[in-house]
Amino acid sequence: MTKLAFCVAFLFAFSLDAFASGSIRGRVADDAGKPLTFASVILLHAADSSLVKTELTNENGEYELTSLADGAYLLKVSFSGYASYTTDRIAMAGNAVAQPEIILKSTTKELKEVAVRAQKQFVEVHADKLVVNVENSIVSAGGSVLDVLSHSPGVNVDQNDNISLKGKPGVNIMINGKIQPVSGAELANMLKSMPSNSVETIELIANPSAKYDAAGTGGIINIKMKKDNKTGLNGTVNANYAQGIYPKGSFGFNMNYRNKKYNFFTSFNHSDRVGFNHLMLDRRFYTGTIPSGGYVQDNHFINYFHTNVGNVGMDYNVSSKTVIGFVLSGDYLPIRSTGLNHSDVIDSVTNATSTHFGTSSEANNYYGNYTANLNLRHNFDSTGKTLSLDVDYAGYTNGGQQDYHTTYTDHDGASIGTPAILHGERWGLTQIASVKGDYTQSLKGNVKLEAGAKSSYVIANNNPRFFNVIGGVNILDVTKTNHFIYNENINAGYFTFSKEWTKWSTQLGLRAEQTIANGNNETADTSFTRNYTNLFPSFAVQRHLNADNDLGVTLSRRIARPSYQQLNPFKYYLDPTTYTEGFPYLQPALSYSAELMHSFKQKFITTLSYIFTSAPLVEVIQPSDVESKVTVQTNKNLTSMSYYGASGSYQFKISKWWNNTTNINAYYANYIGDIAGTYLNNGSFTYDINTINNFIMPKSWSAELSFNYQAPQVYGYMDLRPTWMLNAGVQKNLFDKRATVRLNVTDIFWHGYPSATSYYSNYTEFFVAYRDTRQAAVSFTYRFGKRTLPPSRRHSGGAEDEKSRAGGQGG
């Protein structure tokens, strides 16, 4: 199917390639007659000012735009420090047009006389997404990417670092358009290790179109890393320090060299962060309604992260129509974790403490990845006909050792028996290869056609082993050891049609995905095979009611496949009575979603949403099905989930110096399922509020004050208690705005930690997880090089969905 789709895309591209021979050339100079090098020359359709193509002037200030189709155009010329200039209407009919010299007037004098300062909103509202401008956030400085996500509008990070968007789990995390192949704890560790000052923006896409991979019933969060698009040699250096209960620091740089033919870029970031998780648990087991014992537990974990992240890449303009490029990236994350557990054992008869046990643990693990992307983009002509190709390869490794030492004592503290010692060794490698092609064709009447195909292959190989240490000898524990291998091939193709009228716009799309997968537990000698094909239609229509009001409707179907980690039946222990484990029999979740959106002046956007998901994947903390008084944290399929939501994103300009963005989400989610002998039909109404205030002050100072509140909510079998955070910060620009210093405090009153209760017919659990969310931080950023901005080329590779699911790293 994939080969046929590629052939169709190529034939379609060349069959529609019309003859276009018109050209426009000219020269750009300043008001003294000197040529302006690297001035931006933008060609627009005269009818609607839509972009046709762009070019830069050479060292003589000259430009030439070739292969232009017949029609009417406008030229817009701009250069930093000069007023932009737009020409009159230019008619093309296969002819060559020599434009008169364009003179740009300097604005330097006016800028010196009048200081005008504007501050970009922390949250920008678009019709199809919210954009969080991380680099413009004062309170985000010094934190991690996970910290930024935790107080982004509509985003919730629970006690196990699972991420949901507007109350919906199943979110796919993308970095620069590439879905990440890790999930669960590994995804959280990666996001914790990434400093926030390496990120430019975060896009929150609740209802993606058919062009995106169909994976992710909860939507997409796309993290865009910083990339300098200026000409010549440019870059930034940064450093920050944060202090909570434990210290955190990072430093890094990114550099870019760009001319008319080449664009070289590289970056590196190093961070050392210490975090903690103080997890308190009260677990009770029942036989019917009669108590049968339990545990009251106090756990304290400290994690030491040492991260190195880097990349290098190049774009080469083969011609004015074709660009090829490559990106190589990698990171290495060693983590040392220590843990102390104290548990009171509750007697089943007296319901009082009878004995105790304590577990000390130490783990030394590492995570690493290396990725390579080759890409090509070809513009056939000036009508918007383009073809892009991507080839991706990624490898994700992990390994390490864990040691657990458990002692038992009676009510008076006297030792019982001999200590239990468990030693674990882990190794894992996930490899992903994909090829992807996308074709875009613009036709008359504001019609756009898009088609594409993709094929990916994944192999995840994980081999964790556990040993009981008896008399100093390691004895393999086959009940805890398994070698799990998972193979998956996904073939996909899509087609979208969009058209714009004066008052209306619409988009229709259809995506087909075939999944072939098999998993083998080499230790237990069990396996499974899956082969299924799904269709994913999408529809969007927007009505421009008047100058202030727009109305839109979107419909789509999506899928949430289990991650490789969620399928792997590997056990990761907290103490002898608690562990996490994958479940190899998980099924993909399918969802239908509909949204109605109203926009007023592009500043006040209100959305009504409905989602129905069959077999939703949820994280559960349940009593073990095979062991007595043991608790398992895993993922299971429920029967269904129904979601009804209303959200609003509103921007207010309270004064010339005070801007406010407030986001509100209110929703009702109802879950139906049957797990651990407990029938579930439970739902509740909840809401969250996120409000951000930006203040522009004299002498290059600015400030930010933000507040977010999450009301009580239901997630499957879990009732979550409310959380809230207040954050504040100030910022000062220095050295002609080349340097920025930021000071901030997050979670000032320390109420951003999660707590919840899980209810089953034979088990209840209450937990509270205190974390290092209250921090004071200082950061410094310095920008060097030229400030001339040419048109930029942002590129995302093709290994998207796979990179969000490669959590099968053995724990």
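Residues numbered from 1 in each chain as written. Predicted model: local features only at pLDDT ≥ 70, side-chain atom pairs only at ≥ 80, totals over all residues. Heavy atoms only, no water.

Asks: Please set out the overall build of the protein residue by residue, giving values where relevant.
Replies: Within the protein, the regular secondary structure consists of 5 helices and 49 strands. Looking at the 811 residues of the protein, the share that counts as buried comes to 54%. The contacts of the protein with a sequence gap of at least 6 include a subset with a gap of at least 24, amounting to 68%. When the accessible surface of the protein is summed, it comes to about 33800 Å², and 59% of that surface belongs to carbon and sulfur atoms. (Helix = DSSP H or I, 4+ residues; strand = E, 2+ residues; numbered from the N terminus. Buried < 20%, exposed > 50% of the residue type's maximum accessible area, 1.4 Å probe, protein only. Contact = heavy atoms within 4.5 Å. Areas by Shrake-Rupley, 256 points an atom, 1.4 Å probe, with all protein chains shown as cover.)

Asks: Run through the sheet that holds strand β38 (residues 631-637), naming residues and quoting values.
Replies: Each strand in a sheet pairs with its neighbour through backbone hydrogen bonds, running either in the same direction (parallel) or in the opposite one (antiparallel). Ordered in space as β33-β34-β38-β37, the 4 strands form an open sheet in which the pairing is mixed. Since the sheet does not close on itself, it has two edges, and those belong to β33 (571-575) and β37 (617-623), each with one partner. The mean inter-strand angle of the sheet, taken between neighbouring strand axes irrespective of direction, is 25°. Where strand β34 (residues 578-581) lies against β38, 3 bridges are found, and the strand directions are parallel. Bridging from a neighbouring strand, Tyr-579 pairs with Val-632 of β38. (Pairing = 2+ DSSP bridges. Axes fitted to C-alpha atoms, helices over the stretch in contact; angles between N-to-C directions.)

Asks: Tell me about a nonpolar patch on the surface, and please be specific about residues and values.
Replies: Taken together, Tyr-592, Tyr-610, Phe-612, Tyr-644, Tyr-668, Phe-685 and Tyr-687 make up a surface patch of nonpolar side chains, about 700 Å² in accessible area. Among the elements of the structure, β36 (604-614) and β41 (678-697) are those that each provide at least two residues to the nonpolar patch. Tracing the chain through its elements places Tyr-687 in strand β41. (Patch = residues over 30% accessible without salt bridge, like charges linked within 9 Å, V, L, I, M, F, W, Y side chains within 5 Å. Salt bridge = Lys/Arg side-chain N within 4 Å of Asp/Glu carboxyl O.)

Asks: For the packing of aromatic side chains, give the residues involved together with the corresponding values.
Replies: Counted according to the given criterion, the structure contains 35 aromatic pairs. Measuring from centroid to centroid gives 6.4 Å for Phe-253 and Phe-268, while their planes differ by 35°, and the two rings are tilted. Here Phe-253, found in strand β19 (residues 247-258), pairs with Phe-268, found in strand β20 (residues 262-287); they are 15 residues apart in sequence, far enough to count as distant. Ring geometry for Phe-600 and Phe-604: centres 6.0 Å apart, planes at 35°, overall tilted. Each member of the aromatic cluster is reached from another via a ring pair, and the members are Phe-285, Tyr-295, Phe-357, Tyr-408, Tyr-717, Tyr-760 and Tyr-763. The ring of Tyr-304 has Arg-336 sitting right over it, with the charged end atom 4.4 Å from the ring centre. Here the basic side chain of Lys-636 rests over the ring of Phe-583, its NZ or CZ set 5.0 Å away from the ring centre. (Phe/Tyr/Trp six-rings, centres within 6.5 Å; stacked < 30°, edge-to-face > 60°. Lys NZ or Arg CZ within 6 Å of the ring centre and 35° of its normal.)

Asks: Mind laying out the pairing of strand β5 (residues 71-78), listing which residues take part and the relevant values?
Replies: Across 6 bridges, the pairing between strand β2 (residues 40-45) and β5 is antiparallel. Bridge pairing links Leu-44 to Leu-74 in β5. Bridge analysis of β5 against strand β7 (residues 90-92) gives 3 bridges, and the strand direction is antiparallel. Within the sheet, the bridge partner assigned to Gly-71 lies in β7 and is Met-92.

Asks: Can you break down the pattern of salt bridges residue by residue, with the values?
Replies: Side chains that differ in sign of charge can pair as their charged atoms come close. As enumerated under the stated definition, the model contains 12 salt bridges in all. One salt bridge connects Lys-248 with Asp-772, and the closest N-O pair in it is separated by 2.7 Å. With Lys-248 in strand β19 and Asp-772 in the loop between β48 (763-771) and β49 (775-785), the pair connects residues that are 524 residues apart, well separated along the chain. Classification of Lys-248 by relative accessible area gives buried; the value is 4%. Of the residues examined, Asp-772 reaches a relative accessible area of 8% and is grouped as buried. Ionic contacts of the salt-bridge type, sharing partners, join the residues Arg-511, Glu-513 and Arg-561 into one network.

Asks: Lay out the pairing of strand β40 (residues 658-675) with the relevant residues and their values.
Replies: Where strand β39 (residues 640-655) lies against β40, 15 bridges are found, and the strand directions are antiparallel. Looking across to β40, one finds that Ser-642 is bridged to Asn-670. Connecting β39 to the next strand, β40, in antiparallel fashion are 2 residues. In the sheet, β40 pairs with β41 via 18 bridges, with the strands oriented antiparallel. If you follow Ile-675 over to β41, its bridge partner there is Thr-678. Taking the residues that link successive antiparallel strands as the turn, the β40-β41 hairpin has 2 residues, and the phi of Ala-676 there is positive, at about 55°.

Asks: Which residues make up unusual backbone geometry, and what values do they have?
Replies: A positive phi angle is found at Phe-735, which is not glycine, with a value near 55°. Judged by relative accessible area, Phe-735 falls into the exposed class, the value being 56%. A positive phi is found at Trp-750, a non-glycine position, where the angle reads about 55°. By the secondary structure assignment, Trp-750 is in the loop between β46 (739-746) and β47 (755-760). Of the residues examined, Trp-750 reaches a relative accessible area of 24% and is grouped as partly exposed.

Asks: Talk me through the environment of Ser-67; I want residue IDs and the actual numbers.
Replies: Mapping Ser-67 onto the fold places it in strand β4 (residues 62-68). What makes Ser-67 buried here is its relative accessible area of 17%. In sequence terms Ser-67 and Ser-320 are 253 residues apart; their C-alpha atoms lie 9.8 Å from each other.

Asks: Please give an account of the side chain of Gln-566 that cites residues and values.
Replies: Positionally, Gln-566 belongs in helix α5 (residues 564-567). In contact with Gln-566, not counting residues within four places along its chain, are Gly-582, Phe-583, Leu-586, Leu-617 and Asn-635.

Asks: Tell me about a positive patch on the surface, and please be specific about residues and values.
Replies: A surface patch of positive charge is lined by Lys-601, Lys-603, Lys-653 and Lys-656. Its place among the elements puts Lys-656 in the loop between β39 and β40. (Lys, Arg positive; Asp, Glu negative; His and termini not counted. Charge placed at Lys NZ, Arg CZ, Asp CG, Glu CD.)

Asks: Describe the environment of Ile-516, naming the residues involved and giving the relevant values.
Replies: Tracing the chain through its elements places Ile-516 in strand β30 (residues 504-521). In sequence terms Ile-516 and Asn-487 are 29 residues apart; their C-alpha atoms lie 8.3 Å from each other. Those residues within four positions of Ile-516 in sequence are excluded, and the remaining contacts are Asn-487, Glu-488, Asn-489, Arg-530 and Asn-531.

Asks: So what's going on with the environment of Ile-205? Which residues, and what values?
Replies: Inspection of the secondary structure puts Ile-205 in strand β16 (residues 199-205). Judged by its relative accessible area of 4%, Ile-205 falls in the buried class.

Asks: Lay out the side chain of Asn-487 in plain terms, naming residues and giving numbers.
Replies: Residue placement: Asn-487 occurs in strand β29 (residues 484-500). Looking at Asn-487, its side chain comes within polar contact range of the side chain of Tyr-457, at 3.1 Å. Apart from the residues within four sequence positions on either side, Asn-487 is in contact with Tyr-457, Val-458, Ile-459, Ile-516, Ala-517 and Asn-518. (Polar contact = N/O pair within 3.5 Å; in protein donor to acceptor, adjacent residues only side chain to side chain.)

Asks: How would you sum up the confidence of the model for the protein? Please name residues and give values.
Replies: On average, residues of the protein score 83 in pLDDT, and 83% of them reach the 70 mark or higher. Looking over the protein, one finds the lowest element-wise mean pLDDT in helix α2 (residues 108-113), namely 41, and the highest in strand β28 (residues 473-476), namely 94. Predicted confidence is poor over residues 789-794, with pLDDT under 50, and the contacts of this stretch with residues over four places away or in other chains come to 23 contacts. (pLDDT = per-residue confidence, 0-100.)

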